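Descriptive structure summary
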Amino acid sequence: MRVTKHEHATLTLEAGGKTLVVDPGSFTSPLLDLDHVIGIIITHEHPDHWTPEHLSRILTAFPHIPIFGPEGVTRAASDFSITTVHPGDVIEVGPFSLEFFGGRHAVIHESIPVIDNVGVLVNDEFYYPGDSYAVPVDKKVQLLAAPVGAPWLKIGEAMDFVLAVAPRRAFATHDWTLSVIGKQMGRTRLKWAAEQNGGEFITLEPLDSAEA
């Protein structure tokens, strides 16, 4: 399975000639060169993880494909047909097996309500937590997309998350709010965390890919 990083938190996954789109949000350029899309995953309702424009554009090219998201997404994207998913759900979509974890967004501040969020494990190989530190317990993650910059993120907690998942390889995502220097600092910390359990950290820029 090939995982491609786009700007900020958007990812595309390719396997068996099919594509999944994950979190096509407001900090991401239009996804114009997609092939054989069979589903969209939205981890939570914040606009940097989905926009009506992205969904409409993808659905115009690939009508009637399913969109998966937690209950908060179902409400926020009520103009679209959303298949609601919960932690513990396992869904098969073409060559992709999706298992969902977590349930809640990381706390930003006590004054801001905590919303629904799901992490997703794809084919027991690739894991992306959305905006959370939800760990896929008892899973051997081959490739981890680890958030590195966000209003809710403290780098020490992000490092602890990578330590807890102990992936074979990891790369940084959720990074469009960081300066070049800030991004490099965060990647350095996540690299240290990945290496503590014998893993490897890889640097992916937008449109770079890695095999899970």
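In this report, we go over the structure that sits alongside the text. (Residues numbered from 1 in each chain as written. Predicted model: local features only at pLDDT ≥ 70, side-chain atom pairs only at ≥ 80, totals over all residues. Heavy atoms only, no water.)

Turning our eyes to something else, we now look at the overall build of the protein. Within the protein, the regular secondary structure consists of 4 helices and 14 strands. Over its C-alpha atoms the protein spans a radius of gyration of 16 Å, differing by no more than 12% from the 17 Å that the globule rule assigns to 212 residues. Each principal axis of the C-alpha atoms in the protein carries an extent, and together these give about 45 × 45 × 35 Å. In the protein, buried positions account for 54% of the 212 residues. Carbon and sulfur atoms form 52% of the exposed surface of the protein, whose accessible area is close to 9,400 Å². For the protein, the centre of its 15 positive side-chain charges and the centre of its 27 negative side-chain charges are spaced 6 Å apart. (Helix = DSSP H or I, 4+ residues; strand = E, 2+ residues; numbered from the N terminus. Rg over C-alpha atoms; globule rule 2.2 N^0.38 Å. Buried < 20%, exposed > 50% of the residue type's maximum accessible area, 1.4 Å probe, protein only. Areas by Shrake-Rupley, 256 points an atom, 1.4 Å probe, with all protein chains shown as cover. Lys, Arg positive; Asp, Glu negative; His and termini not counted. Charge placed at Lys NZ, Arg CZ, Asp CG, Glu CD.)

Next up on the list: the layout of surface pockets. Roughly 260 Å³ of internal volume is contained in the largest pocket. The residue makeup of the lining of the largest pocket, split by class, is 6 nonpolar, 6 polar and 4 charged. (1 Å grid on protein atoms, 1.4 Å probe; cavity = no way out; pocket = protein on both sides within 12 Å on 5 of 7 lines; lining within 4 Å. Points joined across faces, edges and corners; volume = space filled by probe spheres on them. Nonpolar A, V, L, I, M, F, W, Y, C, P; charged D, E, K, R; others polar.)

Moving on to unusual backbone geometry. Positive phi is not limited to glycine here, since Asp 138 has a value of about 65 degrees. The exposure class of Asp 138 is exposed, given its relative accessible area of 77%. Positive phi, close to 50 degrees, is recorded for Ala 166, a residue that is not glycine. On the secondary structure map, Ala 166 appears in the loop between helix H3 (155–165) and strand E12 (169–173). On the basis of relative accessibility, which here comes to 33%, the residue Ala 166 falls in the partly exposed class.

Our next topic: the sheet that holds strand E6 (residues 82–84). Overall, mixed pairing links the 7 strands, which are arranged E6-E5-E4-E3-E2-E1-E14 in an open sheet. Edge positions in the open sheet fall to E6 and strand E14 (209–211), since each of these has one partner strand only. Pairs of neighbouring strands in the sheet enclose a mean axial angle of 25 degrees, with direction left out of account. Across the sheet, helix H1 (residues 52–61) lies against strand E3 (18–22), strand E4 (37–41) and strand E5 (67–69), angled at about 165 degrees from E4, the strand it touches most. (Pairing = 2+ DSSP bridges. Axes fitted to C-alpha atoms, helices over the stretch in contact; angles between N-to-C directions. Contact = heavy atoms within 4.5 Å.)

A few words on H3. Along H3, the positions that sit buried rather than exposed are Ala 158, Met 159, Phe 161, Val 162 and Val 165. Projection of H3 onto a plane perpendicular to its axis shows the buried side chains occupying an angular sector of 155 degrees, all on one side. Buried residues along H3 sit in contact with strand E10 (126–128), strand E11 (143–147) and helix H4 (180–195). (Arc of directions from axis to C-beta.)

So, on to the packing of aromatic side chains. The tally for this structure, following the rule as stated, stands at 4 aromatic pairs. Consider the rings of Trp 50 and Phe 80, whose centres lie 6.4 Å apart with planes at 85 degrees: the pair is edge-to-face. In this pair, Trp 50 sits in the loop between E4 and H1 while Phe 80 sits in the loop between helix H2 (71–76) and E6, placing the two residues 30 residues apart along the sequence. For Trp 50, a relative accessible area of 8% translates into the label buried. A relative accessible area of 16% means that Phe 80 is categorised as buried. By way of ring pairs, the aromatic residues Tyr 133, Trp 152 and Phe 161 are connected into one cluster. (Phe/Tyr/Trp six-rings, centres within 6.5 Å; stacked < 30°, edge-to-face > 60°.)

Across the interface, H3 lies against H4 with an axial gap of 8 Å and an inter-helix angle of 30 degrees. For the element pair H3 / H4, the angle class is roughly parallel. Pair H3 / H4 crosses with right-handed handedness. Counted together, Ile 155, Ala 158, Met 159, Val 162 and Leu 163 of H3 and Gly 186, Arg 189, Leu 190, Trp 192, Ala 193 and Ala 194 of H4 form the full contact between these two elements. (Parallel < 35°, antiparallel > 145°, perpendicular 65-115°, else oblique. Left-handed = near helix turned anticlockwise from the far one by under 90°.)

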